[in-house]
Amino acid sequence: MKFINKQDIIKIYNREQKYLYEAVKNGSDPYHFFSLSTINQNNADSRIVVLRNVSLSPFKIFFNCDIRSPKAKQIKNQKYCKALFYNQKRRIQIRLDCIIHLYFQDTISQKVWESTPLQSRKCYMGDFEPSSKLKKWNPNVPIQYIDKDPEQIDSNRGYNNFMHIGLEVIKSDILELHYDGHIRFSVNNSNTYTILAP
């Protein structure tokens, strides 16, 4: 029978933070994508977003979105949200309770935009608001750039729709699945570790 102590918990937590950090640059890593949950009026709303950056001290995760999208409208009206990561191969789930920080047309969003590849910038150049109803299919990127990157100068039109979001993690809930006994614990932003029943 195995026994799990606080030092084991700390090692798992530090390891998973490291994996999150490394996933930013690795598109094939399961942690490169996560589920973001918000409230839409009286209903829960979830979608997959791309992890764009991780700060470990303080613990924050970052992603980008089109300010015209429903998720942008929701997070602008909320202070809190939840993020969910899962690695199927290692069978580890990370749930994060977060405080939302928005960066739109400021020095931070400008710096992030300048480092955004041209192929990604065209995603913010569409004529239609994301999720708006269309009479017929449209890729919602400029047709002249459908098969190529936009010109540098022209791509800057997308900045008007670009928002960078930082999620300050106030609590982490980590579940590691094992046939001989699952491990679950939480960590708050004061680095207080609590062992939980799986």
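Summarised in this report is the structure supplied together with it. Throughout, a residue's number is its position along its own chain's written sequence, starting from 1. At least 70 in pLDDT is required for a residue's local features to be given in this predicted model, at least 80 for side-chain atom pairs to be given and counted, and no such filter applies to totals for whole chains, interfaces and linings, which use all residues. Where side-chain values are given, they derive from all heavy atoms of the structure, hydrogens and water being excluded.

## Side note on the packing of aromatic side chains
And then number 1: Each Phe, Tyr or Trp ring, with Trp reduced to its six-membered ring, pairs with another whose centre is within 6.5 Å; inter-plane angles below 30 degrees give stacked pairs, above 60 give edge-to-face pairs, and intermediate values give tilted ones. Summed over the entire model, instances satisfying the criterion amount to nine aromatic pairs.
And then number 2: Ring centres of Tyr13 and Tyr193 lie 5.8 Å apart, and the angle between their planes is 90°; this geometry places the pair in the edge-to-face category. Taken together, the residues span a long stretch of sequence, with Tyr13 in helix α1 (residues 6–23) and Tyr193 in strand β9 (residues 193–195) at a distance of 180 residues.
And then number 3: Measuring from ring centre to ring centre gives 5.2 Å for Tyr124 and Phe162, while their planes differ by 80°; the resulting arrangement is edge-to-face. Of the two residues, Tyr124 sits in the loop between α4 (118–121) and α5 (152–155) while Phe162 sits in strand β7 (residues 162–176), which places them 38 residues apart along the sequence. What counts as a helix is a DSSP run of H or I of at least four residues, what counts as a strand is a run of E of at least two, and both are numbered from the N terminus.

## Here we look at the nonpolar core
And then number 1: Joining through side-chain atoms within 4.5 Å is the link that ties buried Ala, Val, Leu, Ile, Met, Phe, Trp, Tyr and Cys residues into a set, and such a set is a nonpolar core. Partly exposed describes any residue whose relative accessible area lies between the buried limit of under 20% and the exposed limit of over 50%, with all areas from a 1.4 Å probe on protein chains only and scaled to the type maximum. Counting 35 residues, the largest nonpolar core has Phe34, Ile61, Phe63, Phe85, Leu96 and Leu167 as its most contacted members.
And then number 2: Residue assignment for this core shows that the elements contributing at least two residues are α1, β1 (33–40), β4 (59–66), α2 (70–76), β5 (80–87), β6 (92–103), β7 and β8 (183–188).
And then number 3: Any pair of residues with heavy atoms lying within 4.5 Å of one another is described as a contacting pair. For Leu167, the contacting residues outside a window of four places in its chain are Phe34, Leu36, Phe59, Lys60, Ile61, Phe63, Cys81, Cys98, Ile99 and Ile100.
And then number 4: By size, the runner-up hydrophobic cluster in this structure holds five residues, among which are Trp113, Tyr124, Tyr159 and Phe162.

## Concerning the pattern of salt bridges
And then number 1: Here, a salt bridge means any Lys or Arg side-chain nitrogen found within 4 Å of an Asp or Glu carboxyl oxygen. Tallying each qualifying case throughout the model produces 11 salt bridges.
And then number 2: Across the pair Asp154 and Arg157 runs a salt bridge, and its minimum N-O distance is 2.8 Å.
And then number 3: Residue Arg157 is classed as partly exposed on the basis of its relative accessible area of 39%.
And then number 4: Between Arg184 and Asp173 there is a salt bridge, with its nearest N and O atoms 2.7 Å apart. Here Arg184 is found in strand β8, whereas its partner Asp173 is found in strand β7, with 11 residues between them in sequence.
And then number 5: Residue class for Arg184 comes out partly exposed when judged on its relative accessible area of 21%.
And then number 6: A single salt-bridge network, built from bridges that share partners, covers Arg15, Glu16, Arg90 and Glu176.

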